[in-house]
Amino acid sequence: ERCGSPGVRRTGSDPGLDNSASYTEQATPVVLASGAVVSDSDDTDLTGATVFLCDDFQPGDVLSINGATSGTVGAISFSYDDSIGLLPLTGTATVADYQALLQQVAFSSTSDAPGTTREVEWTVNDGTLNSDVAYTELTITPVNDPPSGFNSTVSTPEDTAYTLHAGVFYFNDP
């Protein structure tokens, strides 16, 4: 951590020490860092923060705060960009206000094939400097979804053989 720069600390006493979280496919959102500690040795206010799903971001991934992907809490506004996996928080507010909001950031996914991991980057800004990046390693437990299909009616002339195939029933195994 740079001298005087803001910082995010989620576990232990070292700034930027990684933490981990677990999520099960299609489950309710899981809070990523309820124990996050945000500090700035020379400022009482921050002007922004970002929570970013790194290279392993997938369509269907969602970062939210209390179930919302956008909104304003006190002086802090946030709006999740689902095209790149970025949750920016903006507005001048106390370090404590930012800490309280960052402790509520949650992950979920609407994907039927979300993969097994995500790396989440956290930074804060005091109007002058960005903090060093802190990370959350997210483990995702996939769920074997049952196959599905639809009833189908097939017509064929009398006394004519017809071979049924899976496509007739629109089978799908998500």
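The structure presented is a predicted model; accordingly, all values stated were derived computationally and were not measured. (Residues numbered from 1 in each chain as written. Predicted model: local features only at pLDDT ≥ 70, side-chain atom pairs only at ≥ 80, totals over all residues. Heavy atoms only, no water.)

Chemist: Whenever I open this one, unusual backbone geometry confuses me. Can you help?
Modeler: Phi is mostly negative for residues that are not glycine, and the peptide bonds are mostly trans. In this model, Asn 66 sits at a positive phi of 50°, which is unusual for a non-glycine residue. What makes Asn 66 exposed here is its relative accessible area of 62%. One non-glycine residue with positive phi stands out, namely Asp 159, at about 65°. If you trace the backbone, Asp 159 turns up in the segment after strand 12 (134-141). A relative accessible area of 78% means that Asp 159 is categorised as exposed. (Buried < 20%, exposed > 50% of the residue type's maximum accessible area, 1.4 Å probe, protein only. Helix = DSSP H or I, 4+ residues; strand = E, 2+ residues; numbered from the N terminus.)

Chemist: Looking at this structure, how should I read the sheet that holds strand 11 (residues 117-125)?
Modeler: By definition, the strands of a sheet pair up through backbone hydrogen bonds, in either a parallel or an antiparallel sense. Across the sheet, which stays open at both edges, the 7 strands sit in the order 2-12-11-5-9-8-7 with mixed pairing between neighbours. Every interior strand has two partners, whereas the edge strands, strand 2 (19-24) and strand 7 (70-73), have only one. Averaged over all adjacent pairs, the angle separating strand axes in this sheet is 15°, with direction ignored. When strand 11 meets strand 12, the two strands line up antiparallel, connected through 6 bridges. Looking at the pairing, Thr 117 lines up with Thr 139 of strand 12. Lying over the sheet, helix 1 (residues 95-102) contacts strand 5 (45-53), strand 7, strand 8 (76-79), strand 9 (86-94) and strand 11, oriented at roughly 150° with respect to strand 9. (Pairing = 2+ DSSP bridges. Axes fitted to C-alpha atoms, helices over the stretch in contact; angles between N-to-C directions. Contact = heavy atoms within 4.5 Å.)

Chemist: What exactly am I supposed to notice about the sheet that holds strand 10 (residues 105-109) here?
Modeler: Overall, antiparallel pairing links the 3 strands, which are arranged 3-10-6 in an open sheet. Each end of this open sheet is capped by a strand with a single partner; those strands are strand 3 (30-31) and strand 6 (61-65). Of the strand pairs in this sheet, strand 3 and strand 10 are connected by 2 bridges, and their pairing is antiparallel. Considered in strand 10, the bridge of Val 30 is made with Phe 107.

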